[in-house]
Amino acid sequence: MFGLLRLAKKLSAWGHVPWNLGRIVRSYRQRTKDGSVCYHNWYPCNDYEDEWFHRFIVRNVGTEHRYHFFSVFGPRIALTMSGKNKVFVSGENVHIPNWPYEIYQDYALDKVKLSLGYDDIQDERYIRFPYWLLYMFEPVVDREMIRERIDEINRAENTRKFDCALIASHDQWNMRSPMYDALKDHLDISCAGKWKHNTDDLWTIYNNDKYYYLREFKFNICAENFDTPLYVTEKLFDAFRCGTIPLYAGAGNQPEPEIVNQDAVLLWKREQSDHSAFIQEVLRLARDEAYYDKFVRQVRLLPYTEEFVYEKFTLLKEHLLKMARA
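Residues numbered from 1 in each chain as written. Predicted model: local features only at pLDDT ≥ 70, side-chain atom pairs only at ≥ 80, totals over all residues. Heavy atoms only, no water.

**Considerations on the overall build of the protein**
Here comes step 1: Within the protein one finds 12 helices and 11 strands.
Here comes step 2: In terms of overall size, the protein behaves like a compact globule, its C-alpha atoms giving a radius of gyration of 21 Å where 326 residues would be expected to give roughly 20 Å.
Here comes step 3: Partitioning the contacts of the protein with sequence separation of at least 6, the portion at a separation of at least 24 is 66%.
Here comes step 4: In the structure as shown, the protein presents an accessible area of about 15,500 Å², 47% of it carried by carbon and sulfur atoms. (Helix = DSSP H or I, 4+ residues; strand = E, 2+ residues; numbered from the N terminus. Rg over C-alpha atoms; globule rule 2.2 N^0.38 Å. Contact = heavy atoms within 4.5 Å. Areas by Shrake-Rupley, 256 points an atom, 1.4 Å probe, with all protein chains shown as cover.)

Below, the structure written as structure tokens:
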């Protein structure tokens, strides 16, 4: 993955087309067995047949046509190399200066027929399609299935076996350290990722099943990598899915306000210098079972969530069908 990032940065600075461009671009391409989807510059994936967008096409659109899906993990020039049904997708933050993904901050709207991302862009070729949708919902345009999934998330419960989990590989932008430092003397924080690693349980006991692992904890420190308005990843929703209380930082303190019940999240507000109220609330929840019960049983996903998800899936289906007919 880091090799891809280095190459993307290098290619963005090239003022000429390299002699071996075809080989470079092909090395970042994967095709499903049925030929309906080619993935370019895509996320690392163990099974492209099972990748979310391929399953969406199989179940909602049909495999008679070929679609080319592009993302940010490779040279931008790949966008010029393939067929007509081009879709650009990014679940990454494309607005960080001097970060390789910055070359995609326009969401490649001039190169594709459809673009999906977390930003709010008014363009007929763009759908706001935050990446947490892929983690939380099956790729089916079915209102009943969506409603059942929302209900499942709202009813999720944790075992309260342990205090607090934190799973992260880094903290390059200092999103996690302040919260961790403020709570480490008050809670037993299990750090199962590379960053602050202090337990192997995720692997040795839970077989690297993140959801099974998180269900054992009262709290989950689930800060984003960046604090950018509208940028909300699966991290917050993973905590909801596992019935644990999210200790969250990011999205300008407003993570999906039409979707997420803000009262069901404990927000670490980075702009504040005094976090004593946050710390005291966490401690009260950790020590008072009745108070914890009341908090954790709140609705997590608001009623509009059903309409939001159904609308996004319907729009995606309509755009893909329209592309195939063109």
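Continuing now.
**Quick look at the nonpolar core**
Here comes step 1: Phe53, Phe69, Phe129 and Leu320 are the most contacted members of the largest nonpolar core, which totals 66 residues.
Here comes step 2: A total of seven residues in this core trace back to one element, the largest contributor, which is helix α12 (residues 304-325).
Here comes step 3: Excluding residues that lie within four positions of it along the chain, phenylalanine 69 makes contacts with Val37, Cys38, Tyr39, His40, Trp42, Phe53, Ile57, Val87, Val89 and Leu320.
Here comes step 4: With 29 residues, the next largest nonpolar core counts Met175, Leu183, Ile221 and Ala286 among its residues. (Core = buried A, V, L, I, M, F, W, Y, C linked by side-chain atoms within 4.5 Å. Buried < 20%, exposed > 50% of the residue type's maximum accessible area, 1.4 Å probe, protein only.)

**Notes on the packing of aromatic side chains**
Here comes step 1: Considering all chains together, one arrives at 37 aromatic pairs under this definition.
Here comes step 2: Ring geometry for tryptophan 42 and phenylalanine 69: centres 6.2 Å apart, planes at 85°, overall edge-to-face. Of this pair, tryptophan 42 sits in the loop between β2 (37-40) and α3 (52-60) while phenylalanine 69 sits in strand β3 (residues 67-70), and the two are 27 residues apart along the sequence. By the burial criterion, tryptophan 42 is buried, and phenylalanine 69 matches it. (Phe/Tyr/Trp six-rings, centres within 6.5 Å; stacked < 30°, edge-to-face > 60°.)

**With respect to the packing of α3 against α12**
Here comes step 1: Where α3 meets α12, the axes come as close as 11 Å, and the angle between the chain directions of the two elements is 75°. Taken together, the axis directions place α3 and α12 in an arrangement best described as roughly perpendicular. The residues of α12 that touch α3, namely those facing Trp52, Phe53, Phe56, Ile57 and Asn60, are Phe313, Leu316, Lys317 and Leu320.
Here comes step 2: Residue composition of the contact of α3 with α12, grouped by class: seven nonpolar, one polar and one charged. (Axes fitted to C-alpha atoms, helices over the stretch in contact; angles between N-to-C directions. Parallel < 35°, antiparallel > 145°, perpendicular 65-115°, else oblique. Nonpolar A, V, L, I, M, F, W, Y, C, P; charged D, E, K, R; others polar.)

**A word on the sheet that holds strand β4 (residues 86-89)**
Working definition: the strands of a sheet are paired by backbone hydrogen bonds and lie parallel or antiparallel to each other.
Here comes step 1: Pairing within the open sheet is mixed, and its six strands lie in the order β1-β2-β3-β4-β5-β6. Of all the strands in the sheet, the pair left with one neighbour each is β1 (29-31) and β6 (126-128). Taken pair by pair, the neighbouring strands of this sheet meet at an average axis angle of 20°, ignoring direction.
Here comes step 2: Sheet strands in contact with α12 are β3, β4, β5 (114-117) and β6, and its direction is about 160° off that of β6. (Pairing = 2+ DSSP bridges.)

**What to know about the confidence of the model for the protein**
Do not read the predicted coordinates in detail wherever pLDDT is low.
Here comes step 1: Taken as a whole, the protein shows an average pLDDT of 92; of its residues, 91% reach a score of 70 or greater.
Here comes step 2: Ignoring residues within four places in sequence, the model shows residues 1-24, a span with pLDDT below 50, making 23 contacts including any to other chains. (pLDDT = per-residue confidence, 0-100.)

**What to know about the environment of methionine 179**
Here comes step 1: Locating methionine 179 in the fold gives a position in helix α6 (residues 177-183).
Here comes step 2: Of the residues examined, methionine 179 reaches a relative accessible area of 0% and is grouped as buried.
Here comes step 3: Each C-alpha atom, one on methionine 179 and one on asparagine 85, is 44 Å from the other, the two residues being 94 residues apart in sequence.
Here comes step 4: Every residue in contact with methionine 179, bar those within four places of it in the chain, is listed here: Ile221, Leu247, Tyr248, Ala249, Trp268 and Phe278.

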